[in-house]
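Listed here are the chains, written in short residue letters.
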Amino acid sequence: MIWCGCPHQLKNMSIRGLKKKQPKTFKVRIITVDAEMEFSCEMKWKGKDLFDLVCRALGLRETWFFGLQYTIKGMCTWLKMDKKVLDQEIPKEDPISFHFLAKFYPEKVEEELLQEITQHLFFLQVKKQILNEEIYCSPEATVLLASYAVQAKYGDYDPNFHEPGFLAHDELLPKRVLRQYQLTAEMWEEKITAWYAEHRGIARDEAEMNYLKIAQDLEMYGVNYFPIAQNKNHTDLLLGVDAKGIHIYSINNRFSPNKSFEWSSIRNISCSEKELTIKPLDKKAEVFKFFSSQLKVNKLIFQLCIGNHDLFMRRRKVDSIEIQQMKAQAREEKARKKMENQRLAREKQLREEAERAKEELERRLFQLEDEARQANEALLRSQEAAELLAEKAQIAEEEAKLLAQNAAEAEQERQRLEITALKSKEEKRQMEQKMREAELIAVKLVKESDRRAKEAEHLKQDLHEAREAERKAKQKLLDITRLNYPHMAKYPQYSPGDSRDANFDKGSIKLDLKDIDLKRLSFEIERERLDYLEKSRKFEDRLKELKSEIHALKLEEKQAGLYSHWNEVLGSLDRSLGSAPSWMKTFETGDSLDVNLQRPFPAYLLNTASSWPCTNKTQHTVPVEKSSSQANSLAASSVGTGSRKQIIKVQQHDSDVIYI
């Protein structure tokens, strides 16, 4: 029978059919240890449907260890597999959150955990429980477990890559351990890295398995604790359920159970409201009854006991075909991974060897390049050295020629110096001769000065005697004048020697002959003084010549060592000149001695204008025709005055005696 209708009616019917076929859904968030997933579930789905969906999404086949956990009214509860999800007491939220966690723990992780994903999920959950201090672990074991966790995460330790501080952002140790030991993060990292470096070559799944092997030996591993009491009023005990059985703990000790019931020794477990009964296999043994705070707690304990007991019995039975296939696949996978790891290890080793060989070749290449560079540099240096040596050879040849020329010049200079030395020796000898002559002259001058001093003393004595004779003559003349010319007594001021009488009889007055001797002495003294001055001038000129010659010899004979001797000679000459007697210095000052000698003696030259002394005070200057004796006396008066006119000054004094 074929039903026919219009196309519009068929379209409406298909749309209504589709609407009826689309079921109602709700959203679910699944939180694993390291990820989150969201699913759309049908309203009629049971817990097993959702659980299988999650397991398929994760690729998990060992589903009997896991479950979906949720929290309601502060209590953690597992989702029931045989009831609808929405019919259970779940949180009213959108999406509904469930935690995918291990509900039951294996007795021996190495034998029971077949899949790598199962092993990884257990590793992450146990690690989290240790870090959250849900499972107690000693500090030493904690550091070792942390090193395996680092090996599983980072692979083999490489000091060039894993520098200090690479674990700063990883949570590896429980806070209890960090508080117990006051160590810095760098110190903890150093301890963990020391263990981590020893795990070289261990793959990630192997490191996780080693982590679980150590963790399964901990007292609190895989135990679910519930507060219980042996009566209805007190909760002073803890009941623990794990893969091995049921354990009773004190409230303050979760490590050592007070009493244990293994699954093999339990005959029956019954639950009624808040009471839970454990019947041992031995009928004579006491039945253990306890109470919990809520009926939900009793049901949860009962579910955990049933699940752990079923796993306990399954381990002791022959494996099912599925389990056998999984174990075979796991063995094959392990063998394959082992071979792969070995292959990778060989390849890694070969790669490391190749890298080392490459590094060695690079090092050798660098060394050869360095040697070649050094050889090139050495060759360049050798070429430069050769050029430099050639240049030096040319310079040396030129220097040799120059040295030969200098040697010839030096030989000429040596000969010249020898000649100069001979001349210097001759000049030195002559100079020494001159110095000896100068010394002799100085000695003669000293002797002459001594003789002159003695003569000066004699002259002074003669002068004194002459003055005394003059005084006596004057006194005698006065006495004669008073006797012969008594009328001249009233003129005492007139000197007899100054008579201006033209007719005065010279023969009547007898002068002392010493007046003539005095003139002679004055003339001789003046002549000797002039001779001494002339000799002194000549001696000074000679000394100046000697000094100039000595100075020239000093410049030529600096290395001869005659400076001290010349200085001594010059000093002796200066001292000899400076030791001249004082009367020589007196002669040098002019004609003061001559003036002193001539002042008291009148010349007795009469004025031709009058024969008597003049009465007025006039001065007459008359020219005089000098005789030889008078020229000498006048020359004495003109010494030191230059080309002065030789005149005689005649002055009339009060005594009318004319002095020249």
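Named according to an unreviewed UniProt entry, the protein chain is Merlin originating from Cyanistes caeruleus.

**Some points on the sheet that holds strand β5 (residues 96–102)**
Strand order across the open sheet formed by five strands is β2-β1-β5-β3-β4, with mixed pairing between neighbours. The sheet terminates laterally at β2 (36–42) and β4 (75–78), the two strands that pair on one side only. With direction set aside, neighbouring strand axes in the sheet form an average angle of 35°. Across the sheet, helix α2 (residues 47–58) lies against β1 (25–31), β2, β3 (66–72) and β5, angled at about 140° from β2, the strand it touches most.

**Here's the deal with the confidence of the model for the protein chain**
Mean pLDDT for the protein chain: 76, with 75% of residues reaching 70 or above. In this model, residues 1–20 is a region of pLDDT below 50 whose contacts with residues beyond four sequence positions or in other chains number four contacts. A low-confidence stretch, residues 488–513 stays under pLDDT 50, and its non-local contacts, those more than four residues away or across chains, total 47 contacts.

**Quick word on the packing of aromatic side chains**
How two aromatic rings sit relative to each other is set out by the distance from centre to centre and by the angle between their planes. In the structure shown here, the tally under the stated rule is 17 aromatic pairs. On the numbers, 5.4 Å between centres and 75° between planes, the contact of Tyr157 with Tyr196 is edge-to-face. Of this pair, Tyr157 sits in the loop between α5 (139–154) and α6 (175–180) while Tyr196 sits in helix α7 (residues 185–196), placing them 39 residues apart in sequence. Relative to Trp188, the ring of Tyr181 lies with its centre 6.1 Å away and its plane at 80°, an arrangement referred to as edge-to-face. Residue classification places Tyr181 among the partly exposed positions, given a relative accessible area of 32%. Members of the aromatic cluster, joined through ring pairs, are Phe51, Trp64, Phe65, Phe66, Phe100, Tyr105, Phe122 and Tyr221.

**Here we look at the packing of α5 against α7**
Angle between the axes and distance between the axes: these two values describe a pair of packed helices. With their axes 8 Å apart at the nearest point, α5 and α7 run at an angle of 70° to one another. Considered as vectors, α5 and α7 are oriented roughly perpendicular to each other. As α5 packs across α7, the resulting crossing turns out to be right-handed. Counting all contacts with α5, which are made through Val143, Leu144, Ala146, Ser147, Val150, Gln151 and Tyr154, the residues of α7 involved are Trp188, Lys191, Ile192, Trp195 and Tyr196. Across the contact of α5 with α7, the residue classes tally to nine nonpolar, two polar and one charged.

Cut-offs and rules
- Residues numbered from 1 in each chain as written.
- Predicted model: local features only at pLDDT ≥ 70, side-chain atom pairs only at ≥ 80, totals over all residues.
- Heavy atoms only, no water.
- Pairing = 2+ DSSP bridges.
- Helix = DSSP H or I, 4+ residues; strand = E, 2+ residues; numbered from the N terminus.
- Axes fitted to C-alpha atoms, helices over the stretch in contact; angles between N-to-C directions.
- Contact = heavy atoms within 4.5 Å.
- pLDDT = per-residue confidence, 0-100.
- Phe/Tyr/Trp six-rings, centres within 6.5 Å; stacked < 30°, edge-to-face > 60°.
- Buried < 20%, exposed > 50% of the residue type's maximum accessible area, 1.4 Å probe, protein only.
- Parallel < 35°, antiparallel > 145°, perpendicular 65-115°, else oblique.
- Left-handed = near helix turned anticlockwise from the far one by under 90°.
- Nonpolar A, V, L, I, M, F, W, Y, C, P; charged D, E, K, R; others polar.

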